[in-house]
Amino acid sequence: EDQVTQSPEALRLQEGESSSLNCSYTVSGLRGLFWYRQDPGKGPEFLFTLYSAGEEKEKERLKATLTKKESFLHITAPKPEDSATYLCAVQVGQAGTALIFGKGTTLSVSS
Amino acid sequence: ETGVTQSPTHLIKTRGQQVTLRCSSQSGHNTVSWYQQALGQGPQFIFQYYREEENGRGNFPPRFSGLQFPNYSSELNVNALELDDSALYLCASSPGRYSGAQYFGPGTRLTVL
């Protein structure tokens, strides 16, 4: 069964304290891995798509990387406005349509 | 460019009732997917519509049904509501069936009493 696991469930950081979020997956035929940010009560906001091992994408203080078994979302010098739930999702199979999501990591950054 | 919109924002129903949720896709997108997100969980795939045809379905019972219209907007219908149907319902649009990134709307919060 295709599965996505995110860790940790929750992460508290001080402003400027860099860290990484992990997304591990066991799937048959990965077509793409996606990172989203979700604020409370709102829909997920698309951040990155990664397609192959070794690929990296960056946006402001965020950098996503992909290996054959996991992805990392690195947050460099976070600010309070980076506080949100970060969701990882995979698209699988030859005719993949659905995104399979992990439960997310809730990040809190305090000043 | 207009993003994905959903209506209504919030909805309260009682067990056994029926509900219809609506979604307008982002301009230029012909594919709409629906997800259910329970509190503290990641979104779960309900189904996807591509050019008015169902293009994939998750593990949800037949009382969850949908439609897509010629302008690519979509509806999610849920019959015989159960308490466990209380969740945030998310609509996402994408430029094609197998296009990677899906762009989400703000969601409809459904409460079943």
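Look up: the structure comes first, before these words.
Keep in mind it's a predicted model, so treat the numbers as computed, not measured.

(A) Local environment of the pairing of strand β8 (residues 70-75) of chain A. By the alternation rule, side chains of β8 of chain A split into Ser71, Leu73 and Ile75 of chain A, which are all buried, and Glu70, Phe72 and His74 of chain A, of which none is buried. The antiparallel hairpin formed by strand β7 (residues 62-66) of chain A and β8 of chain A contains 3 residues in its connecting segment.

(B) Structural detail: the sheet that holds β7 of chain A. Residue and element names in this part refer to chain A. Taking strand neighbours across the sheet as the criterion, the 5 strands line up as β1-β3-β8-β7-β6 in an open arrangement whose pairing is antiparallel. Since the sheet does not close on itself, it has two edges, and those belong to β1 (3-7) and β6 (56-59), each with one partner. The average angle at which neighbouring strand axes cross in this sheet is 15°, direction not considered. Here strand β3 (residues 19-26) pairs with β8 via 6 bridges, running antiparallel.

(C) View of the sheet that holds strand β8 (residues 74-78) of chain B. Residue and element names in this part refer to chain B. The antiparallel open sheet is built from 4 strands, whose spatial order is β1-β3-β8-β7. Of all strands in the sheet, those bounded by a partner on one side alone are β1 (5-7) and β7 (64-68). In this sheet, neighbouring strand axes are inclined to one another by 20° on average, regardless of whether the strands run parallel or antiparallel.

(D) How the structure looks around the state of the cysteines. Evaluated as defined, the whole model comprises 2 disulfides over all chains. The residue that forms a disulfide with cysteine 23 of chain A is cysteine 88 of chain A, at a sulfur-sulfur distance of 1.9 Å. With the S-S dihedral at roughly -60°, the linkage between cysteine 23 of chain A and cysteine 88 of chain A falls on the left-handed side. Residue cysteine 23 of chain A is found in strand β3, and its partner cysteine 88 of chain A is found in strand β9 (residues 84-92); the two are separated by 65 residues along the sequence. Grouping residues by exposure puts cysteine 23 of chain A and cysteine 88 of chain A together as buried. Two residues share a disulfide in this structure: cysteine 23 of chain B and cysteine 91 of chain B, whose sulfurs sit 1.8 Å from each other. Taking the sign of the S-S torsion, about -55° here, the bridge from cysteine 23 of chain B to cysteine 91 of chain B comes out left-handed. With cysteine 23 of chain B in strand β3 (residues 19-24) and cysteine 91 of chain B in strand β9 (residues 87-94), the pair connects residues that are 68 residues apart, well separated along the chain. The exposure class assigned to cysteine 23 of chain B is buried, which follows from its relative accessible area of 2%.

About the thresholds
Along each chain, numbering runs from 1 in the same order as the chain's sequence is written. Think of it this way: whatever chain is written first is A, whatever ligand is written first is 1, and the rest follow in order. Note on the predicted model: pLDDT of at least 70 is required for a residue's local features to be given, and 80 or more for side-chain atom pairs to be given and counted; whole-chain, interface and lining totals, by contrast, use all residues. The side-chain numbers reported here are obtained from all heavy atoms of the structure, hydrogens and water having been left aside. Only protein chains enter the accessibility calculation, which uses a 1.4 Å probe; a residue whose area is less than 20% of its type maximum is buried, one above 50% is exposed, and one in between is partly exposed. Under the scheme used here, helices are H or I runs from DSSP no shorter than 4 residues and strands are E runs no shorter than 2 residues, and both carry numbers assigned from the N terminus. By definition, two strands form a pair when at least two bridges between them are found by DSSP. The axes used here are C-alpha line fits, helices contributing only the stretch in contact, and every angle between their N-to-C directions lies in the interval 0 to 180 degrees. To count as a disulfide, a pair of cysteine sulfur atoms needs to be within 2.5 Å.

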